[in-house]
Amino acid sequence: MKLSFYIFFFLVVNNITYAQKNDAITWIDSNAIALESNNSEKYVNSSSDYLNSFFSKAEIYGFGEATHYNKEFFEAKTAFFKYLVLHQNVRVFIIEESFGACYSINEYIKGNNSNLKGLVQNFRQSIWETEEMLELIQWMKTYNETKPLNQQICFYGNDCQFNYELISILKNQLIKNNIQLNQEEIDLLEIYAANFNDYFNKDKSGKIYTKLDDLKLILSKLRENTTIDEESKLTIDALNYFAEFLNKQTQEVRDFYMAKSVENIYNFTKKKLFIWAHNDHINKNVVHATQTPSMGNLLYKKFKNKYYAMGFEFGVGELLSFNTEKNVSENIILDKPIKNTNSDFLFSTNHTAFFIDFETASKDESMKKFLSQKRNSIMIGGQGLVLKYLKYNYIHEKYIDIFDGLIYIKKISRSI
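Predicted model only: the values in this text are computed from it and were never measured.

About the cut-offs
Residue positions are given per chain, counting from 1 as you read along its sequence in written order. It should be noted that, the model being predicted, local features are given only for residues of pLDDT at least 70 and side-chain atom pairs only at 80 or more, the latter also being counted only at that level, while totals for whole chains, interfaces and linings use all residues. Each side-chain value is worked out from all heavy atoms of the structure, with water and hydrogens disregarded. Think of it this way: any DSSP run of H or I at least four residues long counts as a helix, any run of E at least two long counts as a strand, and we number them from the N terminus. Accessibility here uses a 1.4 Å probe with only protein chains present; expressed as a share of the type maximum, an area under 20% marks a residue as buried, one over 50% as exposed, and anything in between as partly exposed. For the purpose of charge, His is not counted, nor are the chain termini; Lys and Arg are scored as positive and Asp and Glu as negative. The working definition used for a salt bridge is a side-chain nitrogen of Lys or Arg within 4 Å of a carboxyl oxygen of Asp or Glu. It only takes one pair of heavy atoms within 4.5 Å for two residues to be counted as in contact. To obtain an axis, a line is fitted to C-alpha atoms, over the contacting stretch when the element is a helix, and the angle between two such axes runs from 0 to 180 degrees between their N-to-C directions. The labels follow the angle: roughly parallel below 35 degrees, roughly antiparallel above 145, roughly perpendicular from 65 to 115, and oblique for the rest. Two helices crossing with the near one rotated counterclockwise from the far one by less than a right angle form a left-handed crossing, whereas a clockwise rotation gives a right-handed crossing. Residue polarity is assigned by list, with Asp, Glu, Lys and Arg as charged and Ala, Val, Leu, Ile, Met, Phe, Trp, Tyr, Cys and Pro as nonpolar; anything else, Gly included, falls into the polar class. Per residue, pLDDT captures the predictor's confidence, and it can take any value from 0 to 100.

J.: Could you give an account of unusual backbone geometry, naming the residues involved and the relevant values?
T.: Its identity as a non-glycine residue notwithstanding, Tyr69 has a phi of 75°, on the positive side. Note that Tyr69 resides in the loop between β2 (60-63) and α3 (71-88). In this model, Lys304 sits at a positive phi of 50°, which is unusual for a non-glycine residue. Take Lys304: it is sitting in the loop between α14 (295-303) and β8 (307-323).

J.: Go over the side chain of Glu397, please, and point to the residues and values.
T.: Residue placement: Glu397 occurs in strand β12 (residues 394-398). Among buried charged residues, Glu397 stands out as having no salt bridge; its nearest opposite-charge side chain is Lys374, 4.9 Å away. Ignoring any residue separated from it by four or fewer positions in sequence, one finds Glu397 in contact with Asn285, Gln373, Lys374, Arg375 and Ile402.

J.: An account of the packing of helix α11 (residues 230-247) against helix α12 (residues 251-269) is needed here, citing residue identities and associated values.
T.: Two numbers describe how α11 lies on α12: the axes approach to 10 Å, and their chain directions differ by 175°. Taken together, the axes of α11 and α12 are roughly antiparallel relative to one another. Taking contact as the criterion, the partners of Glu230, Glu231, Leu234, Asp237, Tyr241, Glu244 and Phe245 in α11 are, on α12, Val253, Arg254, Tyr257, Lys260, Ser261, Asn264, Ile265 and Phe268.

J.: Go over the packing of helix α10 (residues 212-223) against α11 with me, naming the residues and quoting the values.
T.: The angle between the axes and the distance between the axes are what describe a pair of packed helices. Interhelical geometry of α10 versus α11 gives an angle of 160° and a closest axis separation of 10 Å. Classified by the angle between their axes, α10 and α11 sit roughly antiparallel to one another. Handedness of the crossing formed by α10 with α11: left-handed. Facing Leu212, Leu215, Lys216, Leu219, Leu222 and Arg223 of α10, the residues of α11 in contact are Lys233, Ile236, Asp237, Leu239, Asn240, Ala243, Glu244, Leu246 and Asn247. In the contact of α10 with α11, the residues fall into eight nonpolar, two polar and five charged.

J.: Summarise the confidence of the model for the protein; cite the residues concerned and give the values.
T.: Low-pLDDT stretches of the model should not have their predicted coordinates read in fine detail. Mean pLDDT over the protein: 88, with 91% of residues reaching 70 or higher. Considering only residues more than four positions removed or in separate chains, one finds that residues 5-19, a stretch of pLDDT under 50, has zero contacts.

J.: Outline the pattern of salt bridges, supporting the account with residue identities and numerical values.
T.: Counted under the stated rule, the structure contains 14 salt bridges. With a closest N to O distance of 3.2 Å, Glu75 and Lys71 form a salt bridge. Remark: Lys71 and Glu75 occur in helix α3; sequence separation between them is four residues, near one turn of the helix. Residue Arg223 is joined to Asp237 by a salt bridge in which the shortest nitrogen-to-oxygen separation is 2.8 Å. Remark: Asp237 occurs in helix α11 and Arg223 occurs in helix α10; sequence separation between them is 14 residues. With a relative accessible area of 32%, Arg223 lands in the partly exposed category. Residues joined in a network through salt bridges with shared partners are Lys71, Glu75 and Glu132.

Listed below in structure tokens is the structure:
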């Protein structure tokens, strides 16, 4: 008798779950915004304002990616960025990258005729050294050529892990502001002038660590100088945040200062801005590996509904991986979605790519249940997807708690 009851109970629960899945997929098939490619544009129709109702409340748009190095995520984010520039007056682009490398690109899109390919190769993270990124930057430059200065796009980096070119940028800004340092201060800055790629492996008895407090004193003095311009303060802050990260190299510190950088840039430009980073930084909860507040969490607490977090998921395709036996990076093909994940669930939709806004979707009872259930999502970091360590790439969260919207792309390929 007991066995019959358990079998009956299992069948009922299974049928209810299956029905809920069918209802959610049916809603997506009928109501999601299809992101299909056509002859003139990929993913988004920029000539129409059909997405405005989803984005009009926000002023800070965080666009993630479930994994780095993938072409379709780049293309989709580019399409949405262009749309937001054209229809929501977004004028600031911020990327998970060094302030210094992005400073040169900002100069380029403002009219400096540098070698763009060389500038892209100066990124401190190779994940952005792609043809897709190069094309996006060129689009920004072309856009700016026909706009007055106060309507041009600006390009910033907000990752405090790097000090690339910060000292040389600061020195030029001090000359422009007619501010002079004494020789001892100049010598101290020179300690940090080089781009130490091995900062994180150094013995903390070295000068770069023992002189951190002295560096902070100089930066504080410059920050409080009444004659320095507001733009130069962004450079000072970037160097100060690098010093803070150098002192305590944790994910919590990194995301905290990534968020502070966004806040500073927002206050300085007084314009709507777009953030390009990983899902883990964009999401409104925590960085999953450390369970510490993410950049998106801090921005959401500060700006509430002015912050819109867009998550990304995928089904199958070509991914970066790391061969632990040969100690080299390589590509792998994922030919079916990873079981028991949102990617697997969403793979049964009819769309090859789609966008859903969670506030809109939650008006449907089946979608509200789907978005409010704790489910597994894939969160692949810079090393790529290593299948033997798959359990470290899961997060178990409610969609509704971490994102405001989702872009799902069934099949992805490697960026160029």
